[in-house]
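Structure at a glance
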Amino acid sequence: MRSVTKYDVVIAGAGPAGLATALYLLRSRPDFAARIVALEKSRHPRVKVCAGGLIPKTMLALRELGLELEVPAVEVVRGVARTEVGDVDMYRGDPLCTVVRRDEFDASLARAARQAGLEIIENCRLLDVAQSQGEVRLTTDRGIFETGLVVGCDGSGSRVRASIFGQAKESVGRAVMTDLPVDPERTPEFLERRYRFDFRCVGAGVSGYAWSFPCLIGGRPHLNLGIYDQLPPHRGGDGARTGVLLEELRRAFPELALEALGKSAATFKAFPIRWFNAAERFTRGHVMLAGDAAGVDPLMGEGISCAFEHGRIAALAIADFLQGDADALARYDRELHQGALGRKLRMLAFAARRFYGPRHRWFFRLARISRKAQQVGVDWFNGAEHFDELPITALVAKWVGAVLFDRPVR
Ligand SMILES: Cc1cc2nc3c(=O)[nH]c(=O)nc-3n(C[C@H](O)[C@H](O)[C@H](O)COP(=O)(O)OP(=O)(O)OC[C@H]3O[C@@H](n4cnc5c(N)ncnc54)[C@H](O)[C@@H]3O)c2cc1C
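Per-chain numbering applies: the sequence of each chain, read as written, is numbered from 1 onward. Residues qualify for local features only when their pLDDT is at least 70, as the model is predicted, and side-chain atom pairs are given and counted only at 80 or more; totals for whole chains, interfaces and linings, by contrast, use all residues. Derived side-chain values reflect all non-hydrogen atoms in the structure, with water molecules and hydrogen atoms excluded from consideration.

Time to look at the site of the ligand. Throughout, near means a residue has at least one heavy atom within 4 Å of the molecule or strand. The immediate surroundings of the ligand are formed by 36 residues, with E40, G53, R102, L126 and D292 found nearest. Counting of polar contacts relies on pairs of N or O atoms within 3.5 Å, with two restrictions inside protein: one atom must be capable of donating a hydrogen and the other of accepting it, and residues adjacent in sequence are counted only when both atoms are side-chain atoms. R102 has a polar side-chain atom sitting 2.8 Å from an oxygen atom of the ligand. The contact in question runs from a nitrogen atom of the ligand to an N or O atom on the backbone of G303, over 3.1 Å. Accessibility throughout is a Shrake-Rupley quantity obtained with a 1.4 Å probe, and a residue counts as covered only by protein chains that appear here. In the complex, the protein chains occlude 94% of the 990 Å² of accessible area that the ligand would expose alone. Counting from the N terminus, the helices are the DSSP runs of H or I reaching at least four residues and the strands are the DSSP runs of E reaching at least two. Within the residue set of the shell around the ligand, elements represented by two or more residues are α1 (16–28), β12 (172–181), β14 (208–217), β16 (269–274) and α7 (304–322). Gly counts as polar in this scheme, as do all residues outside two lists: the nonpolar Ala, Val, Leu, Ile, Met, Phe, Trp, Tyr, Cys and Pro, and the charged Asp, Glu, Lys and Arg. The residue inventory of the shell around the ligand, partitioned by class, reads 18 nonpolar, 9 polar and 9 charged. Annotation comment: domain bounds sourced from an automatic or database domain assignment. Taken together, domain 1 (4–77 + 99–169 + 275–346) and domain 2 (172–274) each give at least three residues to the shell around the ligand, which thus spans both.

Next comes the structure, spelled out in structure tokens:
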């Protein structure tokens, strides 16, 4: 018979969502360290297909957790958004994004979580989850775990979600990326410390955008190039869709040497992004979902700040649950729907339907009209100074003040 290991809480997956959950929990309740464990199928530092863009909201979360960014990073202060109806330039001098490599960043989070007392069992793949009468049983390739509470932080292809919440795939987007070595003296992304978003692929049927981010790989300057598609058609297969996305990525950056892109599977990486769907539940019985497993930003596919925010909210629920609060898990679900993050994700879903819909040109034209309105939008998206947590009335007042009366945005 296989051995059974028991913990009060099991965090499935040690990416940003799982590690943020543990870090927030152990910051307020270090005495819970012996009662929780994280199970991770890989071993840090592990590869994660991601552009590694940390928006200011993520930097605020790191500060809140008392963590320094200890990994190589490129700070971006300028942005260009290219659309079919013209370009939008974003510049105010303060950081728009900090670009890291996810293997290094996630490994640094894992180190911090271990220092805070978290036990992480690596090379431990979760295979199945089942619950009955308040007990959750996790089958892994390293044995059986039993617990009173599981937090599913195992990413877009979450096994926890598939086992407990079902396999629905309609809220899953797709992103494809590649890394290109560049000469920083000749590359605007490095010279101007800027990133570029290119929404012109919307006209070709892609519900998303192509991007270029400056980054450092092993200390050497690279561009991370990629394309996000929120609504890849489920017919035609992933392979055919990837071909379309790679073609659009090449078209977005004709000045770059991307001829080899797509010639072999080694030239790019593709990965799903599950986005927030307000119709879904994020708690069932004694199982919660966080990060990509729950669903992140539908408009841009930005998920690291969501992972931290889910982690913060999950930690509050876990602490209450362990102290006998029977409503704590239902409250987590309510908070994800109705709290500041739920509101933000719903608004991003609304924006995605407009900017990636049949009248996208009209909405891009509208978005280009006012520079002040763009600043409000960028500050809100980036969560600079917790701007995204303002109630909707305060946000509208900011917008009206800035756009109609030329008041400062912040
Ligand atoms: C191409 C691409 C570019 C992106 N760029 C950005 C960006 O620039 N900025 C941004 O904010 N977001 C970006 N995202 C989204 C971002 O990567 C995710 O939102 C983020 O990683 C979510 O964190 P997470 O912890 O929920 O999931 P993950 O980072 O996927 O972590 C899940 C963890 O669970 C582990 N795991 C999975 N299955 C199992 C299992 N069965 N058993 C045990 N462990 C398991 C995995 O190994 C992993 O460590 C991008 C995504 C893609 C695909």
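Attention now goes to the sheet that holds strand β7 (residues 97–99). The sheet built from 3 strands is open, its strands ordered β3-β7-β4 with antiparallel pairing. Both edges of this open sheet fall to β3 (53–54) and β4 (74–76), since each of them pairs with a single strand only. Strands qualify as paired when DSSP identifies two bridges or more between them. Where β4 and β7 come together, 3 bridges link them in antiparallel fashion. Of the residues in β7, the one forming a bridge with V76 is C97.

Here we come to the sheet that holds strand β15 (residues 220–229). Read across the open sheet, the 7 strands follow the order β6-β5-β13-β14-β15-β12-β16; overall the sheet is mixed. Edge positions in the sheet fall to β6 (86–91) and β16, since each has one partner strand and no second. Across the sheet, the axes of successive neighbouring strands diverge by a mean angle of 20 degrees, strand direction being ignored. Sheet topology places strand β13 (residues 194–198) next to β14; 3 bridges connect them, and they run antiparallel. The residue of β14 that forms the bridge with R196 is S212. For every element, the axis is a line fit to its C-alpha atoms; helices are fit only across the contacting stretch, and the angle between N-to-C directions ranges from 0 to 180 degrees.

When a carboxyl oxygen of Asp or Glu is within 4 Å of a side-chain nitrogen of Lys or Arg, the pair counts as a salt bridge. Taken as a whole and judged by the stated rule, the model has 34 salt bridges. In this structure, the salt-bridge partner of R35 is D8, at a minimum N-O distance of 2.4 Å. Separated by 27 residues along the polypeptide, R35 in the loop between α1 and β2 (36–39) and D8 in strand β1 (residues 4–12) bring together distant segments of the chain. What you see here is one network of salt bridges that share partners, running through D320, D325, D327, R331 and R334.

The subject of this paragraph is helix α3 (residues 102–115). Helical geometry: 3.6 residues make up each α-helical turn, so side chains three or four residues apart lie on a common side. Working rule for helices: expected span equals 1.5 Å times residues minus one. Taking 1.5 Å of rise per residue, the 14 residues of α3 would be expected to cover 20 Å, and the 20 Å separating its terminal C-alpha atoms lies within 8% of that figure. Every buried residue of α3 is listed here: R102, F105, D106, A107, S108, L109, A110, A112 and A113. Should any heavy atoms of two residues lie within 4.5 Å, those residues are counted as being in contact. Buried residues along α3 sit in contact with α1, β3, α2 (56–64), β8 (119–121) and α7. Just downstream of α3, G117 is the residue with a positive phi angle, here 110 degrees. Categorising residues by exposure relies on relative accessible area from a 1.4 Å probe, with only protein chains included: less than 20% of the type maximum marks a residue as buried, more than 50% marks it as exposed, and the intermediate range marks it as partly exposed.

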